[in-house]
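# Analysis of the macromolecular model
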Amino acid sequence: MVVRSKQWYQRRVRVLASERVNGIDHYETVYCYVYLALFAHNLAQTGVALRLMYRAKYLLHLIFGVDHLEQAAFDINIGLMLMAKGDSKNSLRFLESALKLHKKFHGTSSVQVAMCNTLVARALARNADFREAMKYQKHAYEVYSEKYGETDKRTVECGAFLATLTGKAVELQKWLQNKERVVPNMIVSEVLPDSSISEILATVHGIPATPSKMAAKKEGQLSEMESKIEEAESKIDEIKLNGDSQDLD
């Protein structure tokens, strides 16, 4: 399905403007693709968003290489978008890649690693691998508890999901041992809904609920680029028109 809206068109123009002014291998161009992907995902066009994110990840690889911290943020993007599409297997692959990078740059006891552990646990839960998910979620709970305390919202939510995973793991084990004849419900209702996925995607890239000065500055820079391109194109048209007039003379 083709995305059609005024805002979508404007963001596409910004990508083209950055490509022409900064170059295709510029950091700003890469993030223009990322913001366009996030916008597409919020329009429920996850397939389009994934193609844009794969493009952004490829360009970032060309600029900085594979072993760069920004790759972790891109992997989280792709992993969560795949999770929204129901592709838990590939989602897990990208989320584990992000976890590996965050461990390298921030250490195992960092909040970034805790967040990645939670996301990996949710991907594993979608595959009904509850025991493995418990290991990741337990580590996240320990980090949140140490950093923010037992009463913090993040710690409470993390602990609640850990309890859910524990219960599901027990149900599955009982069924596998034929102690219960009824097939257990393996669906975990707490696994991220699409709205939460969009919130996490925004958080990963530091996009606030209200426009910041930095965001406003970037908007101004992009608008200036578009103006320069329009001015250059009008000059080209003018030169062509003058050239045609001289030929006629």
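## Looking at unusual backbone geometry
- If you check the backbone angles, Ala44 has positive phi at about 70 degrees while not being a glycine.
- The exposure class of Ala44 is exposed, given its relative accessible area of 62%.
- The phi dihedral of Ala128 falls on the positive side, at around 65 degrees, and the residue is not glycine.
- Inspection of the secondary structure assignment puts Ala128 in the loop between helix H6 (111-126) and helix H7 (130-148).

## Points about helix H3 (residues 46-64)
- Helix length check: H3 (19 residues) gives 26 Å between terminal C-alpha atoms against 27 Å at 1.5 Å per residue, within 8%.
- All of the buried residues in H3 are Thr46, Val48, Ala49, Leu50, Leu52, Met53, Ala56, Leu59 and Leu60.
- Packing partners of the buried residues in H3 comprise helix H1 (6-21), helix H2 (27-42) and helix H4 (69-84).
- The positive-phi residue at the C-terminal boundary of H3 is Gly65, with phi of around 95 degrees.

## Examining the side chain of Thr155
- Its location among the elements puts Thr155 in helix H8 (residues 153-176).
- Setting aside its immediate chain neighbours within four residues, Thr155 contacts Tyr141, Tyr144, Ser145, Tyr148, Gly149 and Glu150.

## Observations regarding the side chain of Gln137
- Within the secondary structure, Gln137 sits in helix H7.
- On the basis of relative accessible area, Gln137 is assigned to the buried category, the value being 0%.
- For Gln137, the side chain forms a polar contact with the main-chain oxygen of Cys158, separated by 3.1 Å.
- Setting aside anything within four residues of it in sequence, one finds Gln137 in contact with Thr118, Ala121, Cys158, Phe161, Leu162 and Leu165.

Calculation criteria
Residues numbered from 1 in each chain as written. Predicted model: local features only at pLDDT ≥ 70, side-chain atom pairs only at ≥ 80, totals over all residues. Heavy atoms only, no water. Buried < 20%, exposed > 50% of the residue type's maximum accessible area, 1.4 Å probe, protein only. Helix = DSSP H or I, 4+ residues; strand = E, 2+ residues; numbered from the N terminus. Expected span 1.5 Å × (residues − 1). Contact = heavy atoms within 4.5 Å. Polar contact = N/O pair within 3.5 Å; in protein donor to acceptor, adjacent residues only side chain to side chain.

Just distances and angles here, no functional claims.
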